[in-house]
Amino acid sequence: MGCVSSNLLNHEDDFAQLGTSALGVGHHIVSLTSTTYGLLTLDPPSSTTTPSTLSEPPEVINSWELMEGLDADSFRFSPLPLPPPKPKPKPSSEKENLDPFERICPPSGENRVVIYTTTLRGVRSTFEACCAVRTAFEAFGVSFCERDVSMDSGFKQELRDLLKGKEREETVPPRVFVKGFYVGGAEEMLRAAEEGLLGELLEGLPRKKMGAVCDGCGDMRFLPCFRCNGSCKTAVLLKEEGHKGRTVVIKCAHCNENGLVVCPICS
């Protein structure tokens, strides 16, 4: 073990050929063994010693000298200056709020909110848009009349007559009417709500208590027909000559195609 000792070298023969130019000034030869590894310092010691900055005494800052000349009021908390108050907007009349909307009034919709929706899930985007409109008006806390075109074909025809002459997409629910003015679909209604127009338009309308449910239908908007019990058929006794005393079954004239009637409390 260990390294080759420097004693094996012939100092006079070998190092004489190298000369001082090869070894350089200040170099020396040592004998390396396994016990001297890691203990040698090959870098020569510095001839000049620089003063260590750690030996310098730390700077002492006297806080009392910095606060000299300050009075007691200087230590009190002074909040940032408040921004100037914004100018109050001019009170806008109801007529100005209704200018962006077209005058189209559904039946019995002069002083109320009327929305045409669908509860069918055939088209997911349409169903979600109807739910979004319904939830928005519930958040406003106003009473609204919901007319489901999927439960009553009469509402579907009513909506088509109201929007006659418009694009076919305009007749796809949801459709919103407020105080006899046509607001539009879900996007138009939500945009009007963000701009603050819808909130001003809803002022003065009857409010709905939070959690209140219709006593007649439980907010289902429809009830089974009281005449045919939802069967859409009624028995009629004929009184005509030649058929007197006969009983025939005819379509019920008091309900829709689903055997339902609109709740008289919600309508």
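Please refer to the structure higher up on the page.
Note that this is a predicted model, so its numbers are computed, not measured. (Residues numbered from 1 in each chain as written. Predicted model: local features only at pLDDT ≥ 70, side-chain atom pairs only at ≥ 80, totals over all residues. Heavy atoms only, no water.)

## Thoughts on the pattern of salt bridges
Where charged atoms from two side chains of opposite charge come close, those side chains can pair. What counts is decided by this rule: For this analysis, a salt bridge means a side-chain nitrogen from Lys or Arg found within 4 Å of a carboxyl oxygen belonging to Asp or Glu. The way it works is that DSSP assigns letters per residue, a run of H or I at least four long becomes a helix, a run of E at least two long becomes a strand, and they are numbered from the N terminus. We call a residue buried when its accessible area falls under 20% of the maximum for its residue type, exposed when it is over 50%, and partly exposed in between, using a 1.4 Å probe and counting protein chains only.
In total, this model carries seven salt bridges according to the counting rule given. Of the charged contacts, one joins Glu146 and Arg134 as a salt bridge, the two residues approaching to 2.8 Å between their closest N and O atoms. Residue Glu146 is located in strand β3 (residues 144–148), and its partner Arg134 is located in helix α4 (residues 124–140); the two are separated by 12 residues in the primary sequence. The two residues Glu146 and Arg134 agree in class, both being buried. A salt bridge links Asp219 to Lys208; the nearest nitrogen and oxygen atoms lie 3.6 Å apart. Of this pair, Asp219 sits in the loop between α7 (197–201) and β6 (222–224) while Lys208 sits in the loop between α7 and β6, and the two are 11 residues apart along the sequence. One network of salt bridges, in which partners are shared, links Arg134, Glu146 and Arg221.

## Regarding the packing of aromatic side chains
For clarity, the cut-off: Aromatic contacts are taken between Phe, Tyr and Trp rings whose centres are within 6.5 Å, Trp giving its six-membered ring; a plane angle under 30 degrees counts as stacked, one over 60 as edge-to-face, and the others as tilted. We call a charge positioned above a ring when the Lys NZ or Arg CZ atom is no farther than 6 Å from the ring centre and deviates by at most 35 degrees from the ring normal.
A complete count under the given rule lists four aromatic pairs for this structure. When the ring of Phe155 is compared with that of Phe222, the centres are 6.3 Å apart and the planes differ by 50°; the resulting orientation is tilted. With Phe155 in helix α5 (residues 153–162) and Phe222 in strand β6, this pair connects stretches of sequence that are 67 residues apart. What makes Phe155 buried here is its relative accessible area of 11%. Judged by centre distance (5.1 Å) and plane angle (40°), the rings of Phe177 and Tyr182 are tilted. Like Phe177, the residue Tyr182 is buried in the burial classification. Of the aromatic side chains, those joined through ring pairs into one cluster are Tyr116, Phe177 and Tyr182. The ring of Phe181 has Arg103 sitting right over it, with the charged end atom 4.8 Å from the ring centre.

## Quick word on the environment of Ser150
To keep it simple, the criterion reads: What qualifies as a polar contact is a pair of N or O atoms within 3.5 Å, subject to a donor-acceptor requirement within protein and to the restriction that residues adjacent in sequence count only when both atoms come from side chains.
Examined against the element boundaries, Ser150 turns out to sit in the loop between β3 and α5. Between the C-alpha atom of Ser150 and that of Leu120, which follows or precedes it by 30 residues, the distance is 6.6 Å. Of the polar contacts made by the side chain of Ser150, one reaches the side chain of Thr119; its length is 3.3 Å. Reaching out from Ser150, the side chain makes a polar contact with the side chain of Asp148 at a distance of 2.6 Å.

## Comments concerning the sheet that holds strand β4 (residues 175–178)
We apply this condition: Between any two strands, pairing holds if DSSP finds at least two bridges. The contact definition used throughout considers only heavy atoms, calling two residues in contact when any of these lie within 4.5 Å. Helix axes are fitted to C-alpha atoms over the stretch in contact, other axes to C-alpha atoms as well, and angles between N-to-C directions run from 0 to 180 degrees.
Ordered by their spatial adjacency, five strands build an open sheet running β1-β5-β4-β2-β3, and the pairing between neighbours is mixed. At either end of the open sheet lies a strand with only one pairing partner, and these are β1 (102–103) and β3. Where β1 and strand β5 (residues 181–184) come together, two bridges link them in antiparallel fashion. Looking at β5, one finds that Arg103 is bridged to Phe181. Strand contacts of α4: β2 (113–117), β3 and β4, with the helix running at about 160° to β2, the strand carrying the most contacts. Packed onto the sheet, α5 meets β2, β3 and β4 and runs at close to 115° relative to β2.

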